[in-house]
Amino acid sequence: MATDAGTDPVAVTLAEIARIAGVGRAAVSNWRRRYANFPSPVGGTDVSPHFSLTEVEDWLERENKMKGKVNPLDRLWPAYESLGDRETTGLLIARAGLRLSGLQANCTELGRLDDPRQTQLMKRTLELASHGDHQAVFQFLLERWLRTHVRQVATTPPQLADLMANIGAVLHSNDVRSVLDPACGSGTLLLASGRQWTVGQPSIGFLGQDVDPVMAELTRARLTISGFSKADLSNVSLAAGDTLRADAHPGVLADVVLCNPPSNERDWGHAELATDPRWVYGQPPRTEPELAWVQHAAAALAPGGVAVLVLPPAVAARRAGRRIRAGLLRAGVLHSVIALPPGAAPPYGVGLHLWVLRADEGTQHGRPRQAELTLVDTTHDMSPMAVEGNGIDWPAVTAHVLDVLNGKSTRGSVSLPVVDLLDDQVDLTPARHIPRTQAATAIDLQRLWAQFGMHASDMRGAAADLSKLDPGNHDGSVSLIGVGELERAGALKIRPGQGLPEELVRRGERRAGETRVLTSTPSSGREAFWLPDSVVAAGRRDNSLTVSTAQDVIVSVLARSFDVQVEGDSHSVLGPQLSLLRVNPAILDPWFLAGCLRAPANVQQAGTHASTTSRIDVRRLQIPRLSLTDQRRCGEVYRKILVFESALQDMRGVGAELSRSLGDLLAAGRLLGN
């Protein structure tokens, strides 16, 4: 049995309870409703309650719900999470990594531990690690931190990092003395470099920089605890800061540069860096920040050095960047462009590219300037098992790329003279130049049919549940109550979305320390917007921003785009076209409320219909008067309706792609039937 003696009580969320018990979160919510003796919350909020871990463990044992003994690490993580602040927790984990590595003296770089809670937590961590694997304890804490802040931290998958390091090893023939990652994040690429080059070679230097100080310190801890740093950390140079605006390693030339830079940035310093000497191949347009990172990497390469960057596929073809692409080709710097399968790295729905740069070794080596560009398409390197699982066959992708770069194979690749690519478009997209093979087309069809079957299975499951529902023959009508009346009765609170500080709102991919901004409901698929967490926190305090929490109901009030969503475990800032309904969970079920509000008949009677910009009066929407138990039953039905809708929409998209592919094959005489 757990005990909290001598420490602050450990509080856990419903998600943590589910993980301890080995069940889904819905099962824990069901226990809470069904069992009157389920522990009462000891903190948190109504929509995100916290429970005493000791009381939860006692209850699980009494009710025979415990799947096994609680992992001591599962008791440690909630204590870290209870610190609340993302930065504080991350820095404490980094400090723990350094202490577990035996480098206590270097922990002074992070400042002293003046907080008694953090001091006590550090002692617990060191004591727990003394009975097991130090690296496993740190890795557990790091993974849980990354998972908790997955919306704010995008990491490079380790398989992709290893592929990039392998590419560097194939193309860099001499010893590697230094590796640079100018956007190091949590250090996955530098770790891959350590695995690639520290065996059988002198200790290499690791250089990195990240705009988030927490990420830089976590990278330092990861390199140290993995055994890639010297005792005095003299071979590790990591800094916090904006690399493009303030390079922490100016003048340093690295043998290998590996980088997964942020994408779709607009405020990257276009105007203030207009005369930057790194722009040898042309000043990057404001809309082409990725080409600024490419040129930064090229400028940081030592003679004969190799750089590998992860870039969105649009960088290879956007019209605004054609001049810089042409300059890279003419200079012989761009060695190859490699297309990865969708799902290789965030954002997972896009097939990203690897750009491989190679610096001139100088005339004394007699190496001719790169006269050709190698294009590789790995999008079909998926085994049937990987296709069915919608995953990536990394061994096949890695073998394909390395065989092409080693000159052992030309499958799925082409080497084109640079002069043939210097047209009006300078389109470097591999799929535009590599003929599709019959095998590749077959794998495409297999992938599409597998996806179609998966969505069809989801839809059949939801349809089977929904078709069993009997509307019945009710003579009496159900009494209705309006949202306005529910507000007056204290069953819910309504907060309209507010004007946003437009000068601070950023669009594009998520950065660390940012909160999502909604200008319409999430299901609309609009472009992503973000605000700094500090601005959001200030807006909460002075009520200048409307910020949702888990289980809030979000309503788009414009009649032409009316929609309703239930907020997940995260939170969002709401723009002026949205309203927030925060329910009292003792009276209203949020899923039941959302399902009723979304009903077309309900919307028709609540709209003003004055013009195309008419708004829905949320207070005029109505819901049936039902008991909380019946509401929850209806809420579960609404969830199944959403699953049915989502599967139907996914099937429609995949089915359309299947239809087009089959039509193309038919027109090419390749579907002759049996």
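A. Just the packing of aromatic side chains, in detail. If you walk through the whole model with that rule in mind, you get nine aromatic pairs. An aromatic cluster is built from Trp31, Tyr35, Phe38, Phe51 and Trp59, whose rings are joined through pairwise contacts.

B. The arrangement of the nonpolar core in detail. Residues Leu309, Leu334, Trp355, Leu357 and Leu428 are the most contacted members of the largest nonpolar core, which totals 42 residues. Of all elements in the fold, only strand S7 (254–259), helix H11 (289–299), strand S8 (301–311), helix H12 (322–330), strand S9 (334–339), strand S10 (353–358), strand S11 (372–377) and helix H15 (418–421) reach the threshold of two or more residues within this core. No other element matches H11, which puts six residues into this core. Once you skip the residues sitting within four places of it in the chain, Leu357 turns out to touch Val294, Ala297, Ala298, Leu301, Gly305, Val306, Ala307, Leu309, Val333, Leu334 and His335. Counting 41 residues, the second largest nonpolar core, distinct from the first, contains Val176, Phe206, Leu223 and Leu340.

C. Fine view of the sheet that holds strand S14 (residues 492–496). Taken together, the four strands give an open sheet; going across it, the order is S14-S22-S19-S20, and neighbouring strands pair in antiparallel fashion. Both edges of this open sheet fall to S14 and strand S20 (563–566), since each of them pairs with a single strand only. Neighbour to neighbour, the strand axes of the sheet diverge by 20° on average, direction disregarded. By the bridge criterion, four bridges tie strand S19 (residues 553–556) to S20 in an arrangement that is antiparallel. Residue Ile554 lies in a different strand from S20, and its bridge partner there is Gln565.

D. Region of the structure containing unusual backbone geometry. Here the bond from Pro346 into Pro347 is cis, since omega is -5°, no more than 30 degrees from zero. Along the chain, the position of Pro347 falls in the loop between S9 and S10. One non-glycine residue with positive phi stands out, namely Asn64, at about 55°. Along the chain, the position of Asn64 falls in the loop between helix H3 (53–62) and helix H4 (72–81). Although it is not a glycine, Gln551 adopts a positive phi angle of roughly 75°. Relative to the assigned elements, Gln551 resides in the loop between strand S18 (546–547) and S19. Since its relative accessible area comes to 21%, Gln551 is described here as partly exposed.

E. Molecular detail of the pairing of strand S4 (residues 178–181). The side-chain alternation of S4 yields two buried faces, one formed by Ser178 and Leu180 and the other by Val179 and Asp181. Bridge analysis of S4 against strand S5 (residues 205–210) gives four bridges, and the strand direction is parallel. Bridging across to S5, Asp181 finds its partner in Gly208. Note: S4 against S7, two bridges, orientation parallel. When the sheet's bridge partners are listed, Val179 is paired in S7 with Val256.

The rules we used
- As a convention, each chain's residues are numbered from 1 in the sequence order in which they are written.
- Whole-chain, interface and lining totals are the exception, using all residues; otherwise, since this is a predicted model, local features are given only for residues with pLDDT of at least 70 and side-chain atom pairs are given and counted only at 80 or more.
- Water and hydrogen atoms play no part in the side-chain values, which are based on all heavy atoms of the structure.
- Stacked, edge-to-face and tilted labels apply to pairs of Phe, Tyr and Trp rings (six-membered ring for Trp) whose centres lie within 6.5 Å, assigned for plane angles under 30 degrees, over 60, and everything in between, in that order.
- The nonpolar core is taken to be a set of buried Ala, Val, Leu, Ile, Met, Phe, Trp, Tyr and Cys residues, with the residues joined through side-chain atoms within 4.5 Å.
- Relative accessible area decides the class of each residue, using a 1.4 Å probe on protein chains only: under 20% of the type maximum gives buried, over 50% gives exposed, and in between gives partly exposed.
- A helix here means a DSSP run of H or I that spans at least four residues, while a strand means a run of E at least two residues long, and both kinds are numbered starting from the N terminus.
- Every residue pair with non-hydrogen atoms within 4.5 Å of one another is taken to be in contact.
- A pair of strands is treated as paired once DSSP finds two or more bridges between them.
- Inter-axis angles, ranging from 0 to 180 degrees, are taken between N-to-C directions of lines fitted to C-alpha atoms, where helices are fitted over the stretch in contact.

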